[in-house]
Amino acid sequence: MRKARLLSVRLWSAGAWILILLLTMFFFLLILAARVLLGWCDPRRTTAHWLASLWGQAIFFSNPGWRIRVTGRHHMDPRRPYVLVANHQSAFDIMALYFLRRQFKWVAKEELFKIPFAGWSMSLAGYISLGRGRNRSVQAAYEHAKQWLAEGMSIFFFPEGTRSVTGKLGPFKSGAFKLALETNIPVVPIAIHGTRDLLPRHSVVLRTRGRIRIVVHPPIDPAAHRLTDPDRLRDEVRRLIGQTLQSLR
């Protein structure tokens, strides 16, 4: 019985991955068409991002056993930019966080941009490539992020820098918080819980059921809180996300 159940889950997982691949290819073609046809009137590439958001949401909607709930979305004014930061549990964080339904640009490691279809879509959407460990690439990504913020576009960071192996909240890097202080842009802490249950790190077998929670905290305005030290801002954001994750567990 146990072997039969395990086989059933693996077969379901294989089918889910095939569907994800087909959706990824389909939305890549839509994003490419949007970039070619609308690039001249859409310099911020908002259409590409909305299509990417539909891709992420379509993946969840296509699996009825997956449930996702977002609270606090109203804290993000769609008319102004933010530095968005969240914990990182799984590759499915990306799809789930598109349920924020706001415009933003991801900061992601450059290897992801080389993935067929998904990575190509990221480039077309104007997301920011970061080569970790290379100062020149880090500085270029930093300047790219500042340009987007100056144009009123939010930037999204995973300050842990990588997915958590254990599921516990890891240490935060300071780059996102230095950027927020330098540009005087509010930071929005976001806690995401449950994606690791769908796809743990180092696993390829998807779970048939899962409940995802995303909690958006009110923005932290560095000027209003008289924060001038990026490490203090980083620690406060990490504390908020950690407390939220603990309550969700």
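For the structure itself, look to the data block above.
Residues numbered from 1 in each chain as written. Predicted model: local features only at pLDDT ≥ 70, side-chain atom pairs only at ≥ 80, totals over all residues. Heavy atoms only, no water.

Engineer: What is the right way to look at a nonpolar patch on the surface in this model?
Structural biologist: A surface patch of nonpolar side chains, amounting to about 470 Å² of accessible area, comprises Leu 29, Leu 32, Val 36, Leu 37 and Leu 38. Take Leu 38: it is sitting in helix 1 (residues 2-38). (Patch = residues over 30% accessible without salt bridge, like charges linked within 9 Å, V, L, I, M, F, W, Y side chains within 5 Å. Areas by Shrake-Rupley, 256 points an atom, 1.4 Å probe, with all protein chains shown as cover. Salt bridge = Lys/Arg side-chain N within 4 Å of Asp/Glu carboxyl O. Helix = DSSP H or I, 4+ residues; strand = E, 2+ residues; numbered from the N terminus.)

Engineer: Would you explain the packing of aromatic side chains in this entry?
Structural biologist: Each aromatic ring pair is characterised by the separation of its centres together with the angle its planes make. One pass over the full model with this rule turns up 20 aromatic pairs. Residues Phe 104 and Trp 106 carry aromatic rings whose centres are separated by 4.9 Å and whose planes lie at 90 degrees to one another, so their mutual orientation is edge-to-face. The pair formed by Phe 104 and Trp 106 is uniform in burial state, with each residue classed as buried. Pairing Trp 106 with Phe 156 gives two aromatic rings, centres 4.7 Å apart and planes at 45 degrees, and the pair type is tilted. On the criterion of sequence distance, the pair formed by Trp 106 in strand 3 (residues 104-109) and Phe 156 in strand 5 (residues 154-157) is long-range, its members being 50 residues apart. Exposure class is identical for Trp 106 and Phe 156. Each is buried. Sitting above the plane of the Trp 148 ring, Lys 105 keeps its charged end 4.7 Å from the centroid. (Phe/Tyr/Trp six-rings, centres within 6.5 Å; stacked < 30°, edge-to-face > 60°. Buried < 20%, exposed > 50% of the residue type's maximum accessible area, 1.4 Å probe, protein only. Lys NZ or Arg CZ within 6 Å of the ring centre and 35° of its normal.)

Engineer: Just checking my understanding: could you explain the nonpolar core for this structure?
Structural biologist: Burial of nonpolar side chains together is a common tendency in soluble globular proteins. Core analysis: the biggest nonpolar cluster contains 45 residues, and Phe 60, Phe 92, Leu 97, Leu 100, Phe 156, Ile 190 and Ile 214 have the highest contact counts within it. The element that contributes the greatest number of residues to this core is helix 1, accounting for 7 residues. Sequence-distant contacts of Ile 214, that is, excluding residues within four places in its chain, are made with Ile 68, Arg 69, Val 70, Thr 71, Ala 96, Leu 97, Leu 100, Ile 190, Ala 191 and Ile 192. Core analysis: the second largest hydrophobic core is formed by 29 residues, Met 153, Leu 169, Ile 185 and Leu 233 among them. (Core = buried A, V, L, I, M, F, W, Y, C linked by side-chain atoms within 4.5 Å. Contact = heavy atoms within 4.5 Å.)

Engineer: In this structure, what is going on with the packing of helix 1 against helix 2 (residues 46-61)? I would like to understand it.
Structural biologist: The description of two helices packed together rests on the angle between their axes and the distance between the axes. Contact geometry of helix 1 with helix 2 gives a least axis separation of 9 Å together with a crossing angle of 165 degrees. As the angle between them shows, helix 1 and helix 2 are arranged roughly antiparallel. At the point where helix 1 passes helix 2, the crossing takes the right-handed sense. Side by side, helix 1 and helix 2 meet where Ile 20, Leu 23, Thr 24, Phe 27, Leu 30, Ile 31, Ala 34 and Leu 38 of the first sit next to Thr 47, Ala 48, Leu 51, Ala 52, Leu 54, Trp 55, Ala 58 and Ile 59 of the second. Here the contact of helix 1 with helix 2 is composed, by residue class, of 14 nonpolar, 2 polar and no charged. (Axes fitted to C-alpha atoms, helices over the stretch in contact; angles between N-to-C directions. Parallel < 35°, antiparallel > 145°, perpendicular 65-115°, else oblique. Left-handed = near helix turned anticlockwise from the far one by under 90°. Nonpolar A, V, L, I, M, F, W, Y, C, P; charged D, E, K, R; others polar.)

Engineer: Quick question: what am I supposed to make of the sheet that holds strand 3 here?
Structural biologist: Adjacent strands of a sheet form backbone hydrogen bonds with each other and so pair up, either parallel or antiparallel. Pairing in this open sheet of 7 strands is mixed, and the strands run 1-7-6-2-5-3-4 from one edge to the other. Either end of the sheet is taken by a strand with one partner, and the two such strands are strand 1 (66-71) and strand 4 (128-130). Within the sheet, the average angular offset between the axes of one strand and its neighbour, ignoring direction, is 20 degrees. Of the strand pairs in this sheet, strand 1 and strand 7 (residues 210-216) are connected by 6 bridges, and their pairing is parallel. Looking at the pairing, Trp 66 lines up with Gly 210 of strand 7. Here helix 6 (residues 175-183) sits on the sheet in contact with strand 2 (83-86), strand 5 and strand 6 (187-193), set at roughly 160 degrees to strand 2. (Pairing = 2+ DSSP bridges.)

Engineer: I would appreciate a short explanation of the pairing of strand 5 in the present structure.
Structural biologist: Looking along a regular strand, one sees the side chains alternate between the two faces of the sheet. Of the two faces of strand 5, the one holding Ser 154 and Phe 156 and the one holding Ile 155 and Phe 157 are both buried throughout. Where strand 2 and strand 5 come together, 3 bridges link them in parallel fashion. Looking at strand 5, one finds that Val 83 is bridged to Ile 155. Bridge count between strand 3 and strand 5: 3 bridges; the pairing is parallel.

Engineer: Looking at this structure, how should I read the pattern of salt bridges?
Structural biologist: When charged atoms on two side chains of opposite charge get close, those side chains can pair. All chains considered together, the criterion is met by 5 salt bridges. The partner of Glu 182 in a salt bridge is Lys 146, and the shortest N-O contact between them spans 2.6 Å. Here Glu 182, found in helix 6, pairs with Lys 146, found in helix 5 (residues 135-150); they are 36 residues apart in sequence, far enough to count as distant. Owing to a relative accessible area of 49%, Glu 182 belongs among the partly exposed residues under this scheme. Here Asp 231 makes a salt bridge to Arg 234, at a shortest N to O gap of 3.3 Å. Residue Asp 231 and its partner Arg 234 are both found in helix 8 (residues 230-248); the two are separated by 3 residues, about one turn of the helix. By relative accessible area, which is 32% here, Asp 231 ends up partly exposed. Ionic contacts of the salt-bridge type, sharing partners, join the residues Asp 231, Arg 234 and Asp 235 into one network.

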